[in-house]
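Observations on chain architecture
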Amino acid sequence: MSAMQWLMLLIFFATFVGLLKYQNHPERVFAGATLICLAVSFVTSEDILHNAVNPGLVTLLLLVFCSFTFERTSILRRLSGVMINGSKFRSTLRTLASTAIASALMSNTAVVATLIGTIKKNNVINPGKLLLPLSFAAILGGTLTLVGTSTNLIVNSMLIEQGQASLGFFDFTLVGAAALVACFLVILFRANSLPNMKETKLVTKDYLLEAEVQPTSGMLGKTIEENGLRNLDTLFLVEIVRRGRLISPVAPDDVVIAGDKLIFTGDITKVLILQQFDGLTLFAEQDGLLRDNLTEVLIKPDSAVIGKSLKSAGFRARFDAAVVAIRREGESLSGKLGDIVIQSGDFLVLAVGQDFASRTNLSKNFFILSGHKPANMLSGWRDYMTIWGFFAVIAVSVFTSISLLKCLIFYIALLIMSDCLTVNEIKRRFPLEIWMIVLSALTLAKALENTGIATLLAGGLESLMQGQSAYFALVVIFLITLIVTELVTNNAAAALVFPIAYNIALGLGVDPMPFVMAVAFAASGSFISPFGYQTNVMVYSAGNYQLSDFIKFGIPVSITYSLVVLVMIPLVFPF
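The helix and strand inventory of the chain stands at 22 helices and 9 strands. Counting over 575 residues, the chain shows a buried share of 57%. Nonlocal contacts in the chain, meaning residues at least 24 apart in sequence, comprise 79% of its contacts between residues at least 6 apart. Looking at the chain as shown, the accessible area adds up to about 23,300 Å², and 61% of this sits on carbon and sulfur atoms.

In structure tokens form, the structure reads like this:
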């Protein structure tokens, strides 16, 4: 191997290490690898521009635009209204089946976010028994069709770049349906092993509240116990922030001084109890928004406020809302509320102003779980046109020779002309991260080809695998992808492993399609870690699960999923 080929291998493996280290910014890691490849002339600017308009990638972007409108239709709200009634078993089965079908056609995260509120409020099944299965049902449903998950579309984009024909809409269905049925049996059998979740109007455990002691307060000079702060029924004083110093735990004889930030946890619906204390000002009250009508939201993965504190994000001006409390699973929150850096999957309780519901940036940043809803929800003929128009697009692409890309172009144009979708919304919510990941992955694959690494890899694997079956190689690729998707994310795993899998197939002289499918299904098989897939993060927080709950419940599902997929792929896609 030449020095340049060794450099290309180094870039490839450095990308993998970077994805492990910077899991929250995979697009930056991929973009950095692309820039290095361009700098050392492994790819040309023409290669990058060509990949930027890959038909599979453009199809993915258009489907994301469609999801912007679908989030504002009534279909998911109607679905949530008929899922849970009757017996527990029928309600569970109806909920999981409905979620899977919906996820086969639209954004998994939108489906789960819409149904979380319904599940938490139901009086038939304890939410703890259903929220984790809800996420798994969304993941399994996403494997049923080409558009069910971004992972499938990323794999399709990379396959098209190799000169192959685009995957069909239902190419995934037989394998996905078999896995879904088998995993549903395991989920239904083991659902009772999940912990019960305490049923409250809002999930209040581990929410963080902040109140500041004013200079004129009557609490000054008195201890915590003398002020009655130790005897609150629903709120617990966990720490004090004093002149940049953290006092934790708080002792009963600690004396209150002016400027103290008192940090409470507990039932955030009882936040107004703190108003009885003289000179104690709540964080949201400083913005003049504290009132009884609280709204609970979940931070979206592409929110503009991720990585910023409430102060630096200008939260109050941006949304006409003040944060009353924050909750995050998997990490303890500490310190002043305004200084906490917001992350994807955070739950916020907001005190909202009169303009909150009319703000156009809500759908980009939040899933609204309870309380106020955005004012731009679709209704009437626009609602019906959006829903049935999408089904018509799918039907035309499946039953005629017209491509899905062409159908989506006309559908998006119709949505814009009918004011169901605006150009400003597309500009505000353009999925830059996904676009960068796919573009960079395509470019890395091209660099491997241009430097001859792909040919060397194919030849080396052919000699290495002598005496071994292609099926053995398929199992290895599946397991590698499954592990990577639990360590990083599903999209990054698919983008990283695809070039290896494709070249293994070439080296063995077999049809690449079984290996392509192995990558797609394994990348979607995140059932053990709460952080490998976005819907898992959402229910992890919403259901107050522990990591051990995911592991104990997810391992049997993951094993079942893997066995069924590895049996079905060679049957549906022979070598």
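Picking up where we left off.
Mapping Phe70 onto the fold places it in helix 4 (residues 55–70). C-alpha separation for the pair Phe70 and Met106, spaced 36 residues apart in sequence, amounts to 7.8 Å. Residue contacts for Phe70: discarding those within four places in its chain leaves Ile75, Met106, Thr386, Ile387, Phe390 and Tyr411.

Let's shift gears to the pairing of strand 2 (residues 235–242). Regular strands place side chains that alternate from one sheet face to the opposite one. Counting buried residues in strand 2 gives 6 out of 8 residues, a clear majority hidden from the surface. Where strand 2 lies against strand 3 (residues 245–247), 3 bridges are found, and the strand directions are antiparallel. The residue bridging Arg242 from the neighbouring strand is Arg245, located in strand 3. Counting the residues that bridge the hairpin from strand 2 to strand 3 gives 2 residues, and of these Arg243 lies at a positive phi of roughly 50 degrees.

Glancing now at the side chain of Ser217. Among the secondary structure elements, Ser217 is positioned in the loop between strand 1 (209–213) and strand 2. Note on Ser217: relative accessible area 6%, which makes it buried. Of note is the side chain of Ser217, whose polar atom sits 2.6 Å from the backbone oxygen of Asp278. Sequence-distant contacts of Ser217, defined by excluding residues within four places in its chain, comprise Asp278 and Gly279.

Here we come to the packing of helix 8 (residues 131–142) against helix 22 (residues 547–572). Between helix 8 and helix 22, whose axes approach to 11 Å, the crossing angle comes to 30 degrees. With respect to their mutual orientation, helix 8 and helix 22 come out roughly parallel. In the crossing of helix 8 with helix 22, the sense of the turn from one axis to the other is right-handed. Across the interface between the two elements, Leu132, Pro133, Phe136 and Leu140 of helix 8 pack against Asp549, Phe550, Phe553, Gly554, Val557 and Tyr561 of helix 22. Partitioning the contact of helix 8 with helix 22 into residue classes produces 8 nonpolar, 1 polar and 1 charged.

Backbone phi values are negative for most residues with the exception of glycine, while trans is the configuration of most peptide bonds. With phi around 65 degrees, Ser41 is a residue other than glycine that occupies positive phi space. The residue Ser41 is located in the loop between helix 2 (26–39) and helix 3 (45–52) in this model. One non-glycine residue with positive phi stands out, namely Asp419, at about 65 degrees. Turning to its location among the elements, Asp419 is positioned in the loop between helix 14 (404–417) and helix 15 (423–428).

Tallied over the full model, the rule gives 2 salt bridges. Glu212 is the partner of Lys261 in a salt bridge, and the nearest nitrogen-oxygen pair spans 3.7 Å. One end of the pair, Lys261, is in strand 4 (residues 261–266); the other, Glu212, is in strand 1, with 49 residues separating them in the sequence. Judged by relative accessible area, which is 14%, Lys261 ranks as buried. Between Arg242 and Asp260 there is a salt bridge, and its shortest N-O distance comes to 2.8 Å. In this pair, Arg242 is assigned in strand 2 and Asp260 in the loop between strand 3 and strand 4, connecting sequence segments 18 residues apart. A residue is classified by how much of its surface remains accessible, and Arg242, at 15% relative accessible area, is buried. Asp260 sits in the buried class, given a relative accessible area of 0%.

Attention now goes to the environment of Ala473. Inspection of the secondary structure puts Ala473 in helix 18 (residues 470–487). Sequence separation between Ala473 and Leu508 is 35 residues; the distance between their C-alpha atoms is 9.1 Å.

Turning our eyes to something else, we now look at the confidence of the model for the chain. Mean pLDDT for the chain: 80, with 87% of residues reaching 70 or above. Low pLDDT (under 50) marks residues 200–205, which in the prediction has 17 contacts with non-local residues, meaning those over four places away or in another chain.

This structure, assessed with the given rule, holds 18 aromatic pairs. Centre to centre, the rings of Phe498 and Tyr502 are 5.8 Å apart; their planes meet at 20 degrees, and the pair counts as stacked. Residue Phe498 and its partner Tyr502 are located together in helix 19 (residues 490–508), separated by 4 residues, close to a single helical turn. Put simply, the rings of Phe136, Phe527, Tyr545, Phe550, Phe553 and Tyr561 touch in pairs and so form one group of aromatic residues.

For strand 8 (residues 347–352), the buried fraction is high: 6 of the 6 residues fall into the buried class. Side chains Phe347, Val349 and Ala351 project from strand 8 onto one buried face, and the interleaved Leu348, Leu350 and Val352 project onto a second face that is buried too. In terms of strand pairing, strand 7 (residues 321–327) meets strand 8 through 6 bridges, oriented antiparallel. Residue Ile326 lies in a different strand from strand 8, and its bridge partner there is Leu348.

Below, the discussion takes up the packing of helix 18 against helix 20 (residues 513–523). Running from N to C, helix 18 and helix 20 cross one another at 25 degrees; their axes reach a closest spacing of 8 Å. In this view, helix 18 runs roughly parallel relative to helix 20, as classed from their interaxial angle. Here helix 18 and helix 20 pass one another in a crossing that is right-handed. Here Ala470, Ala473, Leu474, Ile477, Phe478, Thr481, Leu482 and Thr485 of helix 18 lie close against helix 20, whose contacting residues are Pro514, Phe515, Ala518, Val519, Phe521, Ala522 and Ala523. Looking at side-chain class alone, the contact of helix 18 with helix 20 contains 13 nonpolar, 2 polar and no charged residues.

Cut-offs applied
Residues numbered from 1 in each chain as written. Predicted model: local features only at pLDDT ≥ 70, side-chain atom pairs only at ≥ 80, totals over all residues. Heavy atoms only, no water. Helix = DSSP H or I, 4+ residues; strand = E, 2+ residues; numbered from the N terminus. Buried < 20%, exposed > 50% of the residue type's maximum accessible area, 1.4 Å probe, protein only. Contact = heavy atoms within 4.5 Å. Areas by Shrake-Rupley, 256 points an atom, 1.4 Å probe, with all protein chains shown as cover. Pairing = 2+ DSSP bridges. Polar contact = N/O pair within 3.5 Å; in protein donor to acceptor, adjacent residues only side chain to side chain. Axes fitted to C-alpha atoms, helices over the stretch in contact; angles between N-to-C directions. Parallel < 35°, antiparallel > 145°, perpendicular 65-115°, else oblique. Left-handed = near helix turned anticlockwise from the far one by under 90°. Nonpolar A, V, L, I, M, F, W, Y, C, P; charged D, E, K, R; others polar. Salt bridge = Lys/Arg side-chain N within 4 Å of Asp/Glu carboxyl O. pLDDT = per-residue confidence, 0-100. Phe/Tyr/Trp six-rings, centres within 6.5 Å; stacked < 30°, edge-to-face > 60°.

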